[in-house]
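An overview of the molecular structure
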Amino acid sequence: QVQLVESGGGLVQAGGSLRLSCAASGRTFSNYFMGWFRRAPAKQREFLARIDWDTGSTFYEDSVKGRFTISRDNGKKMVYLQMNSLKPEDTAVYYCAAKTSLIAAWNYWGQGTQVTVSS
């Protein structure tokens, strides 16, 4: 059973940085893709970034490209989202997710971690 547990959220001032962590467990994640999403109040869930567990290849949504960086530590089974130059509009619940291939649906989700950016 895949389990994803996020941590690292909190309150930060605009312009600041946070690093979110996602601890993955329950199986080996070879061939998986790991991703980060967020849901702001009264908005739909938004894809942010994904990473190929095996190759480390990344892909970003345009809205966060250049500010957010996704990475992984295969040995520790951790996925990270480094967020820089944070803006109040980045306030949201951030979710870690996993899927079994590039074209698969995102089937596995963490419980989310709140990020609040004050102006």
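Residues numbered from 1 in each chain as written. Predicted model: local features only at pLDDT ≥ 70, side-chain atom pairs only at ≥ 80, totals over all residues. Heavy atoms only, no water.

1. Topic: the pattern of salt bridges
- Under the criterion given, the structure shown has 4 salt bridges.
- Across the pair Asp 90 and Arg 38 runs a salt bridge whose closest N-O atoms are separated by 2.8 Å. Note that Asp 90 is positioned in the loop between strand 8 (78-83) and strand 9 (92-99) and Arg 38 in strand 4 (residues 33-39), a separation of 52 residues in sequence.
- Between Asp 62 and Lys 65 there is a salt bridge, with the nearest N and O atoms lying 3.1 Å from each other.
- One salt-bridge network, held together by shared partners, links Arg 38, Glu 46, Arg 67 and Asp 90. (Salt bridge = Lys/Arg side-chain N within 4 Å of Asp/Glu carboxyl O. Helix = DSSP H or I, 4+ residues; strand = E, 2+ residues; numbered from the N terminus.)

2. Let's talk about the sheet that holds strand 1 (residues 3-7)
- A sheet is described by the order of its strands in space; here 4 strands give the open sequence 1-3-8-7, paired in antiparallel fashion. The two strands at the open ends of the sheet, each matched to only one other strand, are strand 1 and strand 7 (68-73). Adjacent strand axes in the sheet meet at a mean angle of 20 degrees when their direction is disregarded. (Pairing = 2+ DSSP bridges. Axes fitted to C-alpha atoms, helices over the stretch in contact; angles between N-to-C directions.)

3. What about the packing of aromatic side chains?
- Scanning the entire structure with this criterion turns up 7 aromatic pairs.
- For the pair Phe 47 and Phe 59, a centre-to-centre distance of 6.1 Å together with 25 degrees between the ring planes defines the contact as stacked. Remark: Phe 59 occurs in strand 6 (residues 58-60) and Phe 47 occurs in strand 5 (residues 46-52); sequence separation between them is 12 residues.
- On the accessibility criterion, Phe 59 (40% relative accessible area) is partly exposed.
- Among the aromatic residues, those joined into a cluster by ring pairs are Phe 37, Phe 47, Phe 59, Trp 106 and Trp 109.
- Seen from the ring of Tyr 80, Arg 19 lies directly overhead, with NZ or CZ sitting 4.1 Å from the centre.
- Its end group placed over the ring of Phe 37, Arg 45 keeps NZ or CZ at 5.7 Å from the ring centre. (Phe/Tyr/Trp six-rings, centres within 6.5 Å; stacked < 30°, edge-to-face > 60°. Buried < 20%, exposed > 50% of the residue type's maximum accessible area, 1.4 Å probe, protein only. Lys NZ or Arg CZ within 6 Å of the ring centre and 35° of its normal.)

4. Quick notes on the side chain of Thr 113
- On the secondary structure map, Thr 113 appears in strand 11 (residues 113-118).
- Residue class for Thr 113 comes out buried when judged on its relative accessible area of 10%.
- Separated by 3.2 Å, the side chain of Thr 113 and the backbone nitrogen of Gly 9 make a polar contact.
- Not counting chain neighbours up to four residues away, the residues in contact with Thr 113 comprise Glu 6, Ser 7, Gly 8, Gly 9, Leu 20, Ala 92, Val 93 and Tyr 94. (Polar contact = N/O pair within 3.5 Å; in protein donor to acceptor, adjacent residues only side chain to side chain. Contact = heavy atoms within 4.5 Å.)

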